[in-house]
Amino acid sequence: MKTWTIHDVADACLMTTGELSQWISRGHYRPSEEVRPGQRRRFDWRDLACLAVINALRPHCLSINAMGLIAGDLREELATMNRIPESPGLFFFFANWTRGRHRQTVGLVPEKDLWTVLRSYPESVIVVDVTGVYRAALARLPSAVAAGGAAS
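This structure is a prediction, so every number in the text was calculated from the model and none was measured.

1. Some points on the nonpolar core
The biggest cluster of nonpolar side chains holds 38 residues, and the ones touching the most others in it are Leu20, Tyr29, Leu48, Leu51 and Leu78. If you list the elements that add at least two residues to this core, you get helix H1 (6-12), helix H2 (17-25), helix H3 (45-57), helix H4 (64-78), strand S2 (90-96) and helix H6 (130-140). Counting residues per element, this core draws most heavily on H3, which supplies nine residues. Membership of the second largest hydrophobic core comes to six residues, among which are Phe93, Val109, Leu114 and Val117.

2. Observations regarding the pattern of salt bridges
Taken as a whole and judged by the stated rule, the model has four salt bridges. Between Arg75 and Asp47 there is a salt bridge; the shortest N-O distance is 2.6 Å. One end of the pair, Arg75, is in helix H4; the other, Asp47, is in helix H3, with 28 residues separating them in the sequence. Across this residue pair, the class does not change: Arg75 and Asp47 are buried. One salt bridge in this structure joins Asp113 and Lys112, with 3.2 Å as the shortest N-O distance.

3. Here's the deal with the packing of H3 against H6
The N-to-C vectors of H3 and H6 enclose an angle of 105°; their axes lie 8 Å apart at closest approach. The angle between H3 and H6 falls in the class roughly perpendicular. Across the interface between the two elements, Trp45, Leu48, Ala49, Ala52, Val53, Asn55 and Ala56 of H3 pack against Val130, Val133, Tyr134, Ala137, Leu138 and Arg140 of H6. Across the contact of H3 with H6, the residue classes tally to 11 nonpolar, one polar and one charged.

Rules used throughout
- Residues numbered from 1 in each chain as written.
- Predicted model: local features only at pLDDT ≥ 70, side-chain atom pairs only at ≥ 80, totals over all residues.
- Heavy atoms only, no water.
- Core = buried A, V, L, I, M, F, W, Y, C linked by side-chain atoms within 4.5 Å.
- Buried < 20%, exposed > 50% of the residue type's maximum accessible area, 1.4 Å probe, protein only.
- Helix = DSSP H or I, 4+ residues; strand = E, 2+ residues; numbered from the N terminus.
- Salt bridge = Lys/Arg side-chain N within 4 Å of Asp/Glu carboxyl O.
- Axes fitted to C-alpha atoms, helices over the stretch in contact; angles between N-to-C directions.
- Parallel < 35°, antiparallel > 145°, perpendicular 65-115°, else oblique.
- Contact = heavy atoms within 4.5 Å.
- Nonpolar A, V, L, I, M, F, W, Y, C, P; charged D, E, K, R; others polar.

These figures capture arrangement, not role.
And the structure:
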């Protein structure tokens, strides 16, 4: 599996390495691979996708705690996958309802199933095109880095 350095991933997700390091040290973000003493931290495709989603959420003035929880939920959904599929696009949603059994629901769904969520009239909903933000972050990696990465 390809992995990238903290510098590569931070640049691709339009953040600084300092921000990313602080999020990790404060427990707001947990990378896929644990770092061992004396080793550099490496990030895989799931990390790139989660951090790209966090970057997409930043303009919406959510707290870092909220974005960290959303990234954690997304990580659980991505853990069952081997890669981001080419098609159809995947969308991550976080929805609140005032009625019914479920107050909050999160999920990762293809575009065709997103409409089912939206038609259930949540009180509030956050939707991120995971495929789109992941592909955009991947495109921001220098071509040699994106193609090569490092094999785990």
